[in-house]
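The chain contents come next:
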Amino acid sequence: MLGSFAVLRKQSLLGDAISHAALPGIAIAFLITGAKDTNTLLLGALVSGLIGTFWIRGIVTKTHLKSDTALGLILSVFFGFGMLLLTFIQKQPNANQAGLDKYLFGQAATLVESDVWMMAIVTGICLIVMLTFWKEFKILLFDADYTKTLGFNTKTIDILITSFIVLAIVLGLQTVGVVLMSAMLLAPAAAARQWTNSLSKMVFLAAIFGAFSGVFGTAVSASQNNLSTGPVIVIVAGVFVLFSFVFSPKRGLLFKQIRFVKNRRDLELHKTLAFMYHIAETHDNISHPHTIKILNNFQGYTKGTLQKLVDRGFVELDGNMWHLTEEGFKTASNLYNQQNASDE
Amino acid sequence: MKTLAVKVDDLTVAYNYKPVLWDIDLEIPEGVLMAIVGPNGAGKSTLIKSILGILKPIAGSVSIYGKPYEKQRKLVAYVPQKGSVDWDFPTTALDVVMMGTYGSLGWIKRPGQKEKKAALEALEKVGMLPFKNRQISQLSGGQQQRIFLARALVQNASIYFMDEPFQGVDASTEIAIINILKALRKAGKTVIVVHHDLQTVPEYFDWVTFLNVKKIATGPVKDIFNDDNLTKTYGINYKVSIQE
């Protein structure tokens, strides 16, 4: 859902950076409290995720570094620091420490009922905020400078969007983990974009794709032994993306190719017909027969195209001769006029 | 003396150490159709963006009808450069034009029937009504420019700032746009346009500002659009062959 906004902001990598940046937060929260309480750990993740995000923003606005450089920098530094803390924790004589690394790849099986409730509540809040500020989010994403001239405080909207992306990521950490979280954020949105040209439908579809990946992925991993849930969910989401890229009717590769081939064939037909029209024009009677040989002079003429014209009733054949039908003549003259009109 | 629509005092803008605009004083009277001309990198877009508060100047102040710009936002509409947004954004032409009503709506409130009607009227004015439900990526460059213009028209402002509205549009769109601008002037609005094509300045505009980091000259086209100012602005010996 929120992934749609990240994709449209061309900040797809932001999700990746945030989830990696959350790792040290988890480790530090554990070090401080010494307990593996989910809520505390996620709070730590939230705080360090936010810090990471605002550092990225700071780097981009204060220095000459491009945003992808800043993202990469923050991502690796925070992740490295997080890993360092994790190995440090593993050497500690604290029996509790086992299982902290589950945040790396996630482990949906460790979710308990209270976690699910927590997720549901936060998702609900995200939804309400999104619906409330829909107009503001949309216009900021499309044209930030213009939004400013209308008198909106773009910084506030920006912080709002970013904070919710961070929140969504942190919540997902437990299920899919630090490394794969960004896929979970982006894949449904990228898939949804293929199917629709409307922002609201895109967000809605992304939510459905995401939910379905979650449910289906969990089901698959539960039916097999030793399949961890997180990666399966991400793979399901990936399949959605692949499917969407190939099969979506408007933007998909398959239909693009089909349309391309069809257009080319139509053009070939039209050109042949136009050529015939020129010949027929020289006679008063349009059904005056001509030899097929004349057509050989025309580049792009094939027997196939001639046959197709016959099939469509534009041309009639009589041995080695052809002539245009009434309908063929009309169609051709329309084509001809259209061409002239568009040349002007 | 006519009322001043826009007054700029001592405006200086810099990226890092390099000044982009240096100590600009500018007075734009109400009801003119003004071109801002100057070479690439002269700071034309920067001037507009600084007046509109998109960029933060180092020094200087801007007033609209005698009051600070922040208090007069509703009187001002902006048409950004067409290339400044991602046209693959999932939305329709009508939706983009509706965005022009967001400012008067304020936070949270949704656009309703009244806003939709205003947007449709603006689309009609720019001749884009048949394309209202078209996905914006499927519009031509000229059509996209018209959509941007319609979005500003919806704001029903008194002053319009436009950043190169004729960039990359065909002749018929250019004529359509200039006719709308002239109609705006007729209605007593002030229109300020960043412009590149010197040939058309005398034909389209009645007021002109020459800019090259510093302000070279500003005034009525018939008084100041001459070789002297063009040479000062563009640095080469520029002959205005078009002024018959």
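Computed from a predicted model, the values in this text were never measured in an experiment.

### Overview of the overall build of chain B
Right, on to step 1. Within chain B one finds 9 helices and 10 strands.
Right, on to step 2. The C-alpha atoms of chain B give a radius of gyration of 18 Å, which matches the 18 Å a tight globule of 244 residues would have.
Right, on to step 3. Partitioning the contacts of chain B with sequence separation of at least 6, the portion at a separation of at least 24 is 67%.
Right, on to step 4. When the accessible surface of chain B is split by element, carbon and sulfur atoms take 51% of a total near 11,100 Å².
Right, on to step 5. Charged side chains in chain B number 30 positive and 24 negative. The centres of these two groups are separated by 7 Å.

### Re the packing of helix 6 (residues 113-132) of chain A against helix 9 (residues 154-195) of chain A
Residues and elements named next belong to chain A.
Right, on to step 1. Relative to each other, helix 6 and helix 9 sit at 160°, their axes nearing to 11 Å. Overall, the two elements helix 6 and helix 9 adopt an arrangement that is roughly antiparallel. Considering how the two elements wind past one another, helix 6 and helix 9 form a crossing that is left-handed. Mapping the contact onto sequence places Asp115, Met118, Met119, Val122, Ile125, Cys126 and Val129 in helix 6 and Leu160, Phe164, Leu167, Leu171, Gln174 and Thr175 in helix 9.

### Digging into the interface of chain B and chain A
Accessible area lost on assembly of the parts is the figure often given for the size of an interface.
Right, on to step 1. In this complex, chain B contributes 34 residues to the contact, which on the side of chain A involves 30 residues.
Right, on to step 2. Between chain B and chain A lies a buried interface of about 2,900 Å² when both sides are counted; carbon and sulfur atoms form 61% of it.
Right, on to step 3. Considering only the surface of chain B that becomes buried against chain A, Phe89, Pro90 and Trp107 of chain B emerge as the three largest contributors, covering 25% of it.
Right, on to step 4. For the interface between chain B and chain A, the tally reads 3 salt bridges.
Right, on to step 5. Residues Asp95 of chain B and Lys138 of chain A are paired through a salt bridge, measuring 2.6 Å at the closest nitrogen-oxygen approach.
Right, on to step 6. Linking chain B with chain A are 9 residue pairs in polar contact (both at pLDDT 80 or more).
Right, on to step 7. Of all the elements in the fold, those that place two or more residues in the side of chain B that touches chain A are helix 2 (93-98), helix 3 (102-105) and helix 5 (141-154) of chain B.
Right, on to step 8. Class assignment for the residues of the side of chain B that touches chain A results in 18 nonpolar, 8 polar and 8 charged.

### Structural notes on a negative patch on the surface
Residues and elements named next belong to chain B.
Right, on to step 1. On the surface, Asp10, Asp23, Asp25 and Glu27 cluster together to form a negatively charged patch.
Right, on to step 2. Counting residues per element, the negative patch draws most heavily on strand 2 (residues 18-29), which supplies 3 residues.
Right, on to step 3. Looking at the secondary structure, you find Asp23 in strand 2.

### Re unusual backbone geometry
All names here are of chain B.
Right, on to step 1. A positive phi angle, near 50°, is found at Asp23, a position not held by glycine.
Right, on to step 2. Given a relative accessible area of 40%, Asp23 falls into the partly exposed group.
Right, on to step 3. Phi is positive for Tyr65, which is not a glycine, with a value near 50°.
Right, on to step 4. The residue Tyr65 is located in the loop between strand 4 (59-64) and strand 5 (67-68) in this model.
Right, on to step 5. Using a relative accessible area of 25% as the deciding quantity, one classes Tyr65 as partly exposed.

### Some remarks on the pattern of salt bridges
Residue and element names in this part refer to chain B.
Right, on to step 1. For the coordinates displayed, the defined rule picks out 10 salt bridges over all chains.
Right, on to step 2. Measuring nitrogen to oxygen at the nearest pair gives 3.9 Å for the salt bridge that ties Glu121 to Lys117. Separated by 4 residues within a single helix, Glu121 and Lys117 lie in helix 4 (residues 113-125), roughly one turn from each other.
Right, on to step 3. The class of Lys117 is exposed, set by a relative accessible area of 55%.
Right, on to step 4. Here Asp206 and Arg185 are joined by a salt bridge, their closest N and O atoms 3.1 Å apart. Here the residue Asp206 occupies a position in the loop between helix 7 (201-204) and strand 9 (207-212), and Arg185 occupies one in helix 6 (residues 171-186), the gap between them amounting to 21 residues.

### Description of the packing of aromatic side chains
Right, on to step 1. Counting across every chain of the model gives 15 aromatic pairs over all chains.
Right, on to step 2. With centroids separated by 5.5 Å and ring planes inclined at 10°, the aromatic side chains of Phe212 of chain A and Phe216 of chain A adopt a geometry described as stacked. Here Phe212 of chain A pairs with Phe216 of chain A, and both are found in helix 10 (residues 199-223), just 4 residues apart, close to one helical turn.
Right, on to step 3. Relative accessible area serves as the criterion here: at 42%, Phe212 of chain A is assigned to the partly exposed category.
Right, on to step 4. Judged by relative accessible area, Phe216 of chain A falls into the partly exposed class, the value being 41%.
Right, on to step 5. A centroid spacing of 5.6 Å and a plane angle of 45° characterise the contact between Phe166 of chain B and Tyr204 of chain B, whose relative ring orientation is tilted.

### Looking at the confidence of the model for chain B
Right, on to step 1. When pLDDT is averaged along chain B, the result is 87, and 96% of the positions lie at 70 or above.
Right, on to step 2. On the interface metric, ipTM, the complex scores 0.85, and its pTM is 0.78.

### A short note on helix 5 of chain B
Right, on to step 1. Relative to the 20 Å expected for 14 residues at 1.5 Å per residue, helix 5 of chain B spans 20 Å between its end C-alpha atoms, a close match to the ideal helical length.
Right, on to step 2. One or two residues past the end of helix 5 of chain B sits Asn156 of chain B, with phi positive at roughly 50°.

### Side note on the packing of helix 9 of chain A against helix 10 of chain A
Residues and elements named next belong to chain A.
Right, on to step 1. Interaxial distance between helix 9 and helix 10 falls to 8 Å at its minimum, and their mutual angle equals 130°. With respect to helix 10, the axis of helix 9 lies oblique. Crossing of helix 9 against helix 10: the hand is right-handed. Listed contacts from helix 10 to Met184, Pro188, Ala189, Ala191, Ala192, Arg193 and Trp195 of helix 9 are Met202, Leu205, Ala206, Phe209, Gly210 and Ser213.

### Focus: the environment of Ala191 of chain A
Residues and elements named next belong to chain A.
Right, on to step 1. If you trace the backbone, Ala191 turns up in helix 9.
Right, on to step 2. With a relative accessible area of 0%, Ala191 lands in the buried category.
Right, on to step 3. Contacts of Ala191, omitting those with residues within four sequence positions, involve Phe209, Phe240, Val241 and Ser244.

Calculation notes
- Residues numbered from 1 in each chain as written.
- Chains lettered and ligands numbered in written order.
- Predicted model: local features only at pLDDT ≥ 70, side-chain atom pairs only at ≥ 80, totals over all residues.
- Heavy atoms only, no water.
- Helix = DSSP H or I, 4+ residues; strand = E, 2+ residues; numbered from the N terminus.
- Rg over C-alpha atoms; globule rule 2.2 N^0.38 Å.
- Contact = heavy atoms within 4.5 Å.
- Areas by Shrake-Rupley, 256 points an atom, 1.4 Å probe, with all protein chains shown as cover.
- Lys, Arg positive; Asp, Glu negative; His and termini not counted.
- Charge placed at Lys NZ, Arg CZ, Asp CG, Glu CD.
- Axes fitted to C-alpha atoms, helices over the stretch in contact; angles between N-to-C directions.
- Parallel < 35°, antiparallel > 145°, perpendicular 65-115°, else oblique.
- Left-handed = near helix turned anticlockwise from the far one by under 90°.
- Buried area = accessible area lost by both parts, 1.4 Å probe.
- Salt bridge = Lys/Arg side-chain N within 4 Å of Asp/Glu carboxyl O.
- Polar contact = N/O pair within 3.5 Å; in protein donor to acceptor, adjacent residues only side chain to side chain.
- Nonpolar A, V, L, I, M, F, W, Y, C, P; charged D, E, K, R; others polar.
- Patch = residues over 30% accessible without salt bridge, like charges linked within 9 Å, V, L, I, M, F, W, Y side chains within 5 Å.
- Buried < 20%, exposed > 50% of the residue type's maximum accessible area, 1.4 Å probe, protein only.
- Phe/Tyr/Trp six-rings, centres within 6.5 Å; stacked < 30°, edge-to-face > 60°.
- pLDDT = per-residue confidence, 0-100.
- Expected span 1.5 Å × (residues − 1).

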